[in-house]
Amino acid sequence: MSFFSLLWQVLYLAIFVTTLYALVDALRTPAQAFPAMDKQTKGLWVGLLSVGAVLSLGAVFGFGGFLVILSLIAALIFLLDVRPAVRGISGDGPYGR
């Protein structure tokens, strides 16, 4: 295995872990918090992140590596935009309940 092949595998694994973390966080967030903050529904985010996790896991094993960018984009949008907004409404923000 060449250096660059190993590097891509590590990147794909990091994207999988990021997407999986976002998926678990979306599953733990109450459904009513999403529309309350004018974000898409919980079902949509769970669906997008589930597909992203499957795609990125497939890339770790050598299938469909070019689609992993879409998985990373969905996970980053959730983690950087949606998660802070819905955390504020669910009471799990930086200042507690």
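Each chain has its residues counted from 1, running along the sequence as written. Restriction of local features to residues with pLDDT of at least 70 applies here, the model being predicted, together with a cutoff of 80 or more for giving and counting side-chain atom pairs; totals for whole chains, interfaces and linings are based on all residues. Side-chain descriptors were evaluated using all non-hydrogen atoms of the structure, hydrogens and water having been removed beforehand.

Caption draft 1: The overall build of the protein, seen in detail. Secondary structure follows DSSP: runs of H or I at least 4 residues long count as helices, runs of E at least 2 residues long count as strands, and numbering of each begins at the N terminus. Looking only at helices and strands, one finds 4 helices and 0 strands in the protein. Once the C-alpha set of the protein is aligned to its principal axes, its extents read approximately 50 × 25 × 15 Å. Type-normalised accessible area, obtained with a 1.4 Å probe on protein chains alone, sets the label of each residue: buried when under 20%, exposed when over 50%, and partly exposed for intermediate values. Scored against the burial criterion, the 97 residues of the protein give a buried share of 33%. Any two residues whose heavy atoms approach within 4.5 Å are treated as being in contact. If you take every contact in the protein between residues at least 6 apart in sequence, the share linking residues at least 24 apart comes to 67%. Residue-level accessible areas treat just the shown protein chains as cover; the underlying method is Shrake-Rupley with a 1.4 Å probe. On the protein, roughly 6100 Å² of surface is accessible, and the fraction owed to carbon and sulfur atoms is 73%. Within the protein, one finds 6 positive and 4 negative side-chain charges whose respective centroids are separated by 6 Å. In this count, Lys and Arg are taken as positive residues and Asp and Glu as negative ones, while His and the chain termini are left out. Charge positions are represented by NZ for Lys, CZ for Arg, CG for Asp and CD for Glu.

Caption draft 2: Structural context of a nonpolar patch on the surface. Residues F3, F4, L7, W8 and L11 make up a contiguous nonpolar surface patch of about 570 Å² in total accessible area. For W8, the location among the structural elements is in helix α1 (residues 3-28). Here the term patch refers to residues with relative accessible area over 30% and no salt bridge, with like charges joined within 9 Å and nonpolar side chains (Val, Leu, Ile, Met, Phe, Trp, Tyr) within 5 Å. The term salt bridge refers to a pairing of a side-chain nitrogen on Lys or Arg with a carboxyl oxygen on Asp or Glu at a separation within 4 Å.

Caption draft 3: Region of the structure containing the packing of aromatic side chains. For this analysis, a ring pair means two rings from Phe, Tyr or Trp (six-membered ring only for Trp) whose centres lie within 6.5 Å, classed as stacked if their planes differ by under 30 degrees, edge-to-face if by over 60, and tilted for the remaining angles. What the rule picks out here adds up to 3 aromatic pairs. On the basis of an interplanar angle of 70 degrees and a centroid distance of 5.3 Å, the ring pair of F3 and F4 is categorised as edge-to-face. You'll find F3 and F4 in the same group, each marked exposed. Between W8 and Y12, the aromatic rings sit 5.8 Å apart at their centres with planes inclined by 35 degrees, giving tilted as the arrangement. Placement of both W8 and Y12 in helix α1 is noted, with a separation of 4 residues, approximately one turn of the helix. By relative accessible area, which is 48% here, W8 ends up partly exposed.

Caption draft 4: Region of the structure containing the packing of α1 against helix α3 (residues 42-60). Fitting a line to C-alpha atoms yields each axis, with helices limited to the stretch in contact; the angle taken between N-to-C directions then spans 0 to 180 degrees. Two elements in contact, α1 and α3, have axes separated by 8 Å at closest approach and are oriented at 160 degrees. In this view, α1 runs roughly antiparallel relative to α3, as classed from their interaxial angle. Relative to α3, the crossing made by α1 is left-handed. Counting all contacts with α1, which are made through Q9, Y12, L13, I15, F16, T19, A22, L23, A26 and L27, the residues of α3 involved are K42, V46, L49, S50, G52, A53, S56, L57, A59 and V60. Grouping the amino acids of the contact of α1 with α3 by side-chain chemistry returns 14 nonpolar, 5 polar and 1 charged. Every angle not falling under 35 degrees, over 145, or within 65 to 115 is termed oblique; those three ranges are roughly parallel, roughly antiparallel and roughly perpendicular. The handedness criterion is simple: a crossing whose near helix is rotated anticlockwise from the far helix by less than a right angle is left-handed, and one whose near helix is rotated clockwise is right-handed. Classification used: nonpolar for Ala, Val, Leu, Ile, Met, Phe, Trp, Tyr, Cys and Pro, charged for Asp, Glu, Lys and Arg, polar for all others including Gly.

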